[in-house]
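Residue strings, one per chain:
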Amino acid sequence: MPLLVTVPTGAESVDFDAFVRSRTPALLRSAYLLTGDQHLAEDLVQSALARTHRAWRRLRDTGNAEAYTRRTMYHLQVNWWRRRRVPESLADAVPEPRPSAQASSADGVALRLTLQAALMRLTAKQRAVLVLRFFEDRTEVETAEMLGVTLGTVKSTCARALARLRTHLGEGAL
């Protein structure tokens, strides 16, 4: 589904359009890891890009557009979990993947599905901390700043999330 960010015409819009086209796939990957749902990820990226567009003149000159967009995504996600929306219920078991021609790719798919199922059992806050720490390779301090929480909260949330993942995946997995 294409993102519905409209931009005015002009040189500014060409720059913004190029930014959106080049960075959207990476932003969607991060958003999916934060939300656990493709549609929510698309909504999150679209909302962040809309805010980025409003600040585009300032961001274009400094070259911080992607950092601004990612930080906006994390702040929006934090706001969404603070609103305590009614969570969607997830299936207890992930459907078996279709058999593939190559066993190695089937193993990779099975591993990704198992990890995805385990990540979906975490809270949104725990997923956000793990995405920032390990997928985005942020420090604990950067993670705390991006999520607007204390350093201790990041450390304890990360420890609890990893413990839950170990429980769901088995001790040797992490």
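Structure shown above.
These remarks concern the structure in this document. (Residues numbered from 1 in each chain as written. Predicted model: local features only at pLDDT ≥ 70, side-chain atom pairs only at ≥ 80, totals over all residues. Heavy atoms only, no water.)

### Notes on the overall build of the chain
Moving on, step 1. Of regular secondary structure, the chain possesses eight helices and zero strands.
Moving on, step 2. The secondary structure elements of the chain, listed N-terminal to C-terminal, are α-α-α-α-α-α-α-α.
Moving on, step 3. Looking at the chain as a whole, 34% of its 174 residues are labelled buried.
Moving on, step 4. Here the analysis covers contacts within the chain between residues at least 6 apart in sequence; of these, 66% occur between residues at least 24 apart.
Moving on, step 5. In the form shown here, the chain has an accessible surface area of approximately 10,700 Å², with 54% of it arising from carbon and sulfur atoms. (Helix = DSSP H or I, 4+ residues; strand = E, 2+ residues; numbered from the N terminus. Buried < 20%, exposed > 50% of the residue type's maximum accessible area, 1.4 Å probe, protein only. Contact = heavy atoms within 4.5 Å. Areas by Shrake-Rupley, 256 points an atom, 1.4 Å probe, with all protein chains shown as cover.)

### A closer look at the side chain of threonine 72
Moving on, step 1. Inspection of the secondary structure puts threonine 72 in helix H4 (residues 65–82).
Moving on, step 2. Residue threonine 72 is classed as buried on the basis of its relative accessible area, which comes to 9%.
Moving on, step 3. Side-chain polar atoms of threonine 72 contact the backbone oxygen of tyrosine 68, separated by 2.7 Å. (Polar contact = N/O pair within 3.5 Å; in protein donor to acceptor, adjacent residues only side chain to side chain.)

### Some thoughts on the pattern of salt bridges
Moving on, step 1. Per the counting criterion, the structure on display carries four salt bridges.
Moving on, step 2. Arginine 21 is paired through a salt bridge with aspartate 17; the nearest N and O atoms lie 3.0 Å apart. Taken together, the residues arginine 21 and aspartate 17, both in helix H1 (residues 11–35) and four residues apart, mark about one turn of the helix.
Moving on, step 3. The closest approach of N and O atoms between glutamate 66 and arginine 70, which form a salt bridge, is 3.0 Å. With glutamate 66 and arginine 70 both in helix H4 and four residues apart, this pair spans about one turn of that helix.
Moving on, step 4. Among the charged side chains, a salt-bridge network with shared partners connects Arg23, Glu66, Arg70 and Glu136. (Salt bridge = Lys/Arg side-chain N within 4 Å of Asp/Glu carboxyl O.)

### Describing the nonpolar core
Moving on, step 1. Phe19, Leu34, Leu44, Val45, Met73, Leu130 and Leu147 are the most contacted members of the largest nonpolar core, which has 39 residues in total.
Moving on, step 2. Elements supplying a minimum of two residues to this core: H1, helix H2 (38–54), helix H3 (56–62), H4, helix H5 (103–120), helix H6 (124–135), helix H7 (140–147) and helix H8 (151–169).
Moving on, step 3. Leave out the neighbours within four places in its chain, and methionine 73 touches Leu27, Ser30, Ala31, Leu34, Leu44, Val45 and Ala48. (Core = buried A, V, L, I, M, F, W, Y, C linked by side-chain atoms within 4.5 Å.)

### Quick word on H8
Moving on, step 1. With 19 residues, H8 ought to run about 27 Å at 1.5 Å a step, and its terminal C-alpha atoms sit 27 Å apart, in line with that.
Moving on, step 2. Considered for burial, the residues of H8 that qualify are Val154, Thr157, Cys158, Ala161 and Leu165. An end-on view of H8 places all buried positions within 105 degrees of arc, on one side of the element. Across from the buried face of H8, at angles greater than 90 degrees, the exposed residues are Arg160 and Thr167.
Moving on, step 3. Glycine 170 sits one or two positions beyond H8 and adopts a positive phi of about 100 degrees. (Expected span 1.5 Å × (residues − 1). Arc of directions from axis to C-beta.)

### A closer look at the packing of H6 against H7
Moving on, step 1. In contact at an axis separation of 9 Å, H6 and H7 are set at 135 degrees when each is read in the N-to-C sense. Judged by the angle between their axes, H6 and H7 are oblique. Every pair of crossing elements has a handedness; the one defined by H6 and H7 is right-handed. For the pair formed by H6 and H7, the contact residues are Ala128, Val129, Leu132 and Arg133 on the first element and Glu140, Thr143, Met146 and Leu147 on the second. (Axes fitted to C-alpha atoms, helices over the stretch in contact; angles between N-to-C directions. Parallel < 35°, antiparallel > 145°, perpendicular 65-115°, else oblique. Left-handed = near helix turned anticlockwise from the far one by under 90°.)

### Observations regarding unusual backbone geometry
Moving on, step 1. Even without a glycine there, the phi angle at aspartate 137 is positive, about 60 degrees.
Moving on, step 2. On the basis of relative accessibility, which here comes to 64%, the residue aspartate 137 falls in the exposed class.

### A look at the packing of H2 against H4
Moving on, step 1. Where H2 contacts H4, the two axes come as close as 9 Å, and the packing angle between them is 125 degrees. One finds that H2 runs oblique with respect to H4. Between H2 and H4 lies a crossing whose hand is right-handed. Contacts between H2 and H4 involve Leu40, Asp43, Leu44, Val45, Ser47, Ala48, Leu49, Arg51 and Thr52 from the first element and Ala65, Tyr68, Thr69, Thr72, Met73, Leu76, Gln77 and Trp80 from the second.
Moving on, step 2. Looking at side-chain class alone, the contact of H2 with H4 contains 10 nonpolar, five polar and two charged residues. (Nonpolar A, V, L, I, M, F, W, Y, C, P; charged D, E, K, R; others polar.)

Purely spatial values, then, with no claim about function.
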